[in-house]
Amino acid sequence: MTALDTPAAPFAQRLREATRAEHSDAESKGFITALMGGELGELDYWRLLGQYLPLYVALEEAIEAAAVRSELAASFHDPRLARAEAIREDLAARFGAAAPVVDGVSLTAPLPATAAYAERIRSASVPALLAHHYLRYLGDLSGGQAIGALVARHYAVPREQLTMWDFSEIDAPKRVKDAYRARLDDITDPAVQEEFLAEARAGYGLAGALFAALDPR
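Criteria and thresholds
- Residues numbered from 1 in each chain as written.
- Predicted model: local features only at pLDDT ≥ 70, side-chain atom pairs only at ≥ 80, totals over all residues.
- Heavy atoms only, no water.
- Helix = DSSP H or I, 4+ residues; strand = E, 2+ residues; numbered from the N terminus.
- Rg over C-alpha atoms; globule rule 2.2 N^0.38 Å.
- Buried < 20%, exposed > 50% of the residue type's maximum accessible area, 1.4 Å probe, protein only.
- Contact = heavy atoms within 4.5 Å.
- Areas by Shrake-Rupley, 256 points an atom, 1.4 Å probe, with all protein chains shown as cover.
- Lys, Arg positive; Asp, Glu negative; His and termini not counted.
- Charge placed at Lys NZ, Arg CZ, Asp CG, Glu CD.
- Expected span 1.5 Å × (residues − 1).
- Polar contact = N/O pair within 3.5 Å; in protein donor to acceptor, adjacent residues only side chain to side chain.
- Salt bridge = Lys/Arg side-chain N within 4 Å of Asp/Glu carboxyl O.
- Phe/Tyr/Trp six-rings, centres within 6.5 Å; stacked < 30°, edge-to-face > 60°.
- Lys NZ or Arg CZ within 6 Å of the ring centre and 35° of its normal.
- Core = buried A, V, L, I, M, F, W, Y, C linked by side-chain atoms within 4.5 Å.

Enquirer: Before we move on, can you summarise the overall build of the protein with the specific residues and values?
Expert: What the protein contains, in helices and strands, is 11 helices and 2 strands. For the protein, the N- to C-terminal ordering of α and β elements is α-α-α-α-α-α-β-β-α-α-α-α-α. What you see for the protein is a C-alpha radius of gyration of 18 Å, in line with the 17 Å of a compact globule of 217 residues. Across its three principal axes, the protein shows a C-alpha extent of roughly 60 × 35 × 35 Å. Within the protein, the proportion of its 217 residues that are buried is 45%. If you take every contact in the protein between residues at least 6 apart in sequence, the share linking residues at least 24 apart comes to 83%. Looking at the protein as shown, the accessible area adds up to about 10700 Å², and 54% of this sits on carbon and sulfur atoms. In the protein, which carries 22 positive and 31 negative side-chain charges, the distance between the mean positions of the two groups comes to 3 Å.

Enquirer: Let's hear about the side chain of Thr-19: which residues, and what values?
Expert: Mapped onto the secondary structure, Thr-19 falls in the loop between helix 1 (11-18) and helix 2 (20-27). If near-sequence neighbours (up to four positions away) are discounted, Thr-19 is found in contact with Leu-197, Ala-200, Arg-201 and Tyr-204.

Enquirer: Explain helix 11 (residues 190-214) to me, and be specific about the residues and the numbers.
Expert: Over its 25 residues, helix 11 runs 36 Å from end to end, which matches the ideal 36 Å to within 8%, given 1.5 Å per residue. Residue Asp-189 occupies the N-cap position of helix 11, its side-chain oxygen lying 2.9 Å from the main-chain nitrogen of Ala-191.

Enquirer: An account of the pattern of salt bridges is needed here, citing residue identities and associated values.
Expert: Applying the stated criterion across every chain yields a total of 10 salt bridges. Close ionic contact of Arg-122 with Glu-61 constitutes a salt bridge, the shortest N to O distance being 2.8 Å. Of this pair, Arg-122 sits in helix 7 (residues 112-122) while Glu-61 sits in helix 4 (residues 42-69), and the two are 61 residues apart along the sequence. Its relative accessible area of 45% is what places Glu-61 among the partly exposed residues. Among the salt bridges present, the one from Arg-120 reaches Glu-199, with a minimum N-O distance of 2.8 Å. Taken together, the residues span a long stretch of sequence, with Arg-120 in helix 7 and Glu-199 in helix 11 at a distance of 79 residues.

Enquirer: Run through the packing of aromatic side chains, naming residues and quoting values.
Expert: The final tally for this structure, using the stated rule, is 8 aromatic pairs. Between Tyr-45 and Trp-46, the ring centres sit 5.1 Å apart and the planes meet at 65°, which makes this aromatic pair edge-to-face. There is no split in this pair, since Tyr-45 and Trp-46 are both buried. Through successive ring pairs, a cluster of aromatic residues spans Phe-11, Tyr-134 and Phe-196. Between the NZ or CZ atom of Arg-83 and the centre of the ring of Phe-167, over which it lies, the distance is 3.9 Å. Arg-94 extends its terminal NZ or CZ atom over the ring of Phe-95, reaching a point 4.6 Å from the ring centre.

Enquirer: Please provide a residue-by-residue account of the environment of Glu-71, values included.
Expert: Along the chain, the position of Glu-71 falls in helix 5 (residues 71-76). Owing to a relative accessible area of 74%, Glu-71 belongs among the exposed residues under this scheme. In this structure the C-alpha to C-alpha distance between Glu-71 and Pro-100, which are 29 residues apart in sequence, comes to 38 Å.

Enquirer: Could you give an account of the nonpolar core, with specific residues and numbers?
Expert: Formed by 69 residues in total, the largest nonpolar core has its most connected members in Leu-35, Tyr-52, Leu-184 and Phe-196. It is helix 4 that provides the largest number of residues to this core, a total of 14 residues.

In structure tokens, the structure reads:
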């Protein structure tokens, strides 16, 4: 078999490998590294969660609308993955029913980096939207579990305030992740793949910009 005859890697594998550098760069931003290392304060975690709320609202509204008109979007839309309501519950458990405010600043008022990120999601084509869906939800099902454990350990956040990272409604997260990757592999249109890949790279950049904006140091 010649190099030209070698079958292309499955899209999920190609996606992971093609975005490895951007993923590593986003995860190594000072804020998220320091937060997960226990070097910041509890309120820094809540500042992050507050900024996640408008992102997940944008994502969940966008994927729900896209699923109505696109078979591809519908194949990825899974209400069990939705996180916006869990974030609201966590914030209410920590700060009470009123809007969470610290030092006179609303935690959920979007920073410019958050607003740009959310607008990118809302205006995305279906392949680009699915890139954001992949980055957020597959990340939550994987590394997100470690985030919840580290926040509990370093900042004494009780379990009932960490439902953002609780996927107990999903019986077997590994099976969900495997099925998700299988749906990725079903994307065979080269144009859709390339648009998805390009937006995934951009998505990691947007996440990194948000982490940088939240860094208090």
